[in-house]
Structures are given as structure tokens and as C-alpha cells.
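A closer look at the structure
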Amino acid sequence: MKRLFIFALTIGMLMPLFAQQSQQKGQNLALKVLVEEMVEPFPASATLQMENKLNRLLTQNGIASMDYLGQFFITVHAAPLTKDILPGPPTKIAETMEFTFYIADYYNQIIFSTASVNAKGVGETESKSYMNAIKNINLNSPALKQFVEEGRAKIIDYYNQQADKMIMKAKNLAKQKKFEEALWIVSTIPSECDKYEVALAAGLDIYQEYIDYTCQVNLAAAKTAWMSGQNSLAAMDAGEYLSQIYPEAACYGEAEELYKEIKAKVLDDWKFEMRKYDDSVDLEFARIGAMRDVGVAYGTHQQPTSTNIGFLR
């Protein structure tokens, strides 16, 4: 019961954060940073170092990174070019590496942009020289800046061409009560797209349908749970369902009536409050943030069991 109360309070505290994040991010273009596991002579930490490089490359060019694999991703392939032994002591190894960067469409297996840059690393071992070569990649090089801009432009052009179809697909999915998938589709359309405002409006409409539908489902389940015993245990079970009902849902008022009925009977044995939003929160930004959270949660759970990007080479 205490957990339910804390959950309700946490939602109230997080809503300003959702609003702030939505306002700051503006639903900008985002890519998945995808680096294949690097094997010997690269050390285990080389993959993480390369991922950090790619994240920095995106960030300094105004592109966000995603935690899950969506349609578009950025990656890099490393290949040794030269190797020289430098006399010591201590003896060191100088490696020149070629790093080939890709921005690509995972679903359609299309490369949107590519660029190759060389970097040199020196170390007492081959592994250390490779790590230093990664460290020395110049992310401000004109080649990489052009690479990112070309990839961005082609992805935005893709969305401009496909947005109407994506929005229509999302609306059709909503009619089938596949709300999470529908919200995932519209949530992927970035603010740089010409149809972003249309997609956002469609997404908010679908989100309202979603919370209205889930409200009816959870309210029915809460009533059933409460009628099963009309005691503290039944109240706790009912609270699990009531906690999932949003204030702007159509049946929220009816849910409040059930809450009052339960509260009047179990009194202080039921430490639960209905979900409420802080009046100081910009509800429109909060709705946008919540809408995207539903879509992203769905997308996160739709990951391929294995990642194959062999089409790049």
C-alpha cells in the first residue's frame, strides 16, 4: 500500500521533468549508436570508447542518440593501414588506422552517408596503439561534419516523403487498439520534418484514445477487485488499477467516485491517492512527454534478437 502511495507521488514529481525534457529536446532527429564488438588485438574497452566517440560526434552536431535500435543508426568500422616499430627503450608500436563511418537505414539496408578518416596511435602494445588511434580521431574534421550533415539531410528527406503514410498507419493501428505501436510510429517523426506538427497532433489524439481506453479497462478491473472483498486487501488490489488512470482520461471522474467509495469504507487502512498533476506543470508538454514515453517503451521492446549490419561492407 505504501508503494502505491509513493508511486502516485513520484508521478507528480516527474511530470515537470517530462515537460522540461520535451521542451528541450523538441523531438529532434535521433540515431542509434551501434558498434559491433571489437575483437583482438582491440581490448574489451575499445568498443565502449568507440561508442563514446560516436555519441560525441552526434551531440556536437545537434543529433540525439537513442537507447534502442530504431530505423536509422550510426556506426564505424576500423581497419589497420600501417604498422611501425619505434626503437626504445621502451619499444613502441605506431599504428595508422582507417575509420569508416556510416549512417544507414537498418530496415531497408540502405547507406545514407559514409566517410573515412585516418588516425594514428602509438603505444607499448598493439592494443594500446589501437586505443590511442581511436582517441585521436578528429571529430571536428570537415569530412566528418559533411558526413553527419549528409546523413541528416537524407533522413529528414525520408521522413518528409514518408510522414503522411506513417501517420495514416498510426491512425489505422489506433483503430485496432494497437495504441503503443501507433504512438511509436508517430514519435519517431522528428521536429525537422515538414509534417512534424501534423504528426504531433495525430499522436496526441491517439494518446487521448489510449488513456481513455486504458482508463475503461483499469476502472473495470478496479471495480471487480473491490467487489471481490470490499476490505483492505481488495482495496489494495483495486488501487493497483486506479494508479494507472490518468487525470485527463474520460472516465477519471468515475474512477474518483470509486476511490471515494473505497476510502470511506477502509479509511486509514488504504494509503493511496489518485494520480494528479501539479497545477504548475505545462500540461501540453507533459502530454507530449507521456505520449513519447509510451511510444519509446514499445519501441524498446521491439528489438531484433540479433543485429546484422553486414550489408555495410
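Thresholds applied
Residues numbered from 1 in each chain as written. Predicted model: local features only at pLDDT ≥ 70, side-chain atom pairs only at ≥ 80, totals over all residues. Heavy atoms only, no water. Helix = DSSP H or I, 4+ residues; strand = E, 2+ residues; numbered from the N terminus. Rg over C-alpha atoms; globule rule 2.2 N^0.38 Å. Buried < 20%, exposed > 50% of the residue type's maximum accessible area, 1.4 Å probe, protein only. Contact = heavy atoms within 4.5 Å. Lys, Arg positive; Asp, Glu negative; His and termini not counted. Charge placed at Lys NZ, Arg CZ, Asp CG, Glu CD. Core = buried A, V, L, I, M, F, W, Y, C linked by side-chain atoms within 4.5 Å. Disulfide = S-S within 2.5 Å.

1. Concerning the overall build of the protein
From N to C terminus, the protein includes nine helices and five strands. In the protein, the order of α-helices and β-strands from amino to carboxyl end is α-β-α-β-β-β-β-α-α-α-α-α-α-α. For the protein, whose C-alpha radius of gyration is 26 Å, the value lies well above the compact-globule estimate of 20 Å for 313 residues. In terms of principal-axis extent, the alpha carbons of the protein reach across some 85 × 45 × 35 Å. The buried share of the protein, reckoned over its 313 residues, is 45%. Summarising the internal contacts of the protein: among those between residues at least 6 apart in sequence, 71% fall at separations of at least 24. Put simply, the protein has 31 plus and 38 minus side-chain charges, and the middle of one group is 2 Å from the middle of the other.

2. Notes on the nonpolar core
One finds Phe99, Phe101, Ile137 and Leu242 to be the most contacted residues of the largest nonpolar core, which totals 85 residues. Take this core: its biggest share by element is 14 residues, from helix 6 (residues 196-227). Discounting residues that sit within four places of it in the chain, Leu242 has contacts with Ala222, Ala255, Leu258, Tyr259, Ile262, Trp270, Phe272 and Met274. Among the nonpolar cores identified, the runner-up in size contains eight residues, and Phe73, Tyr102, Ala104 and Tyr106 belong to it.

3. Brief notes about the state of the cysteines
According to the stated counting rule, one finds one disulfide in the structure shown. The disulfide that involves Cys215 links it to Cys251, with 1.6 Å between the sulfurs. With the S-S dihedral at roughly -115°, the linkage between Cys215 and Cys251 falls on the left-handed side. Residue Cys215 is found in helix 6, and its partner Cys251 is found in the loop between helix 7 (232-242) and helix 8 (252-266); the two are separated by 36 residues along the sequence. With respect to class, Cys215 is no different from Cys251; both count as buried.

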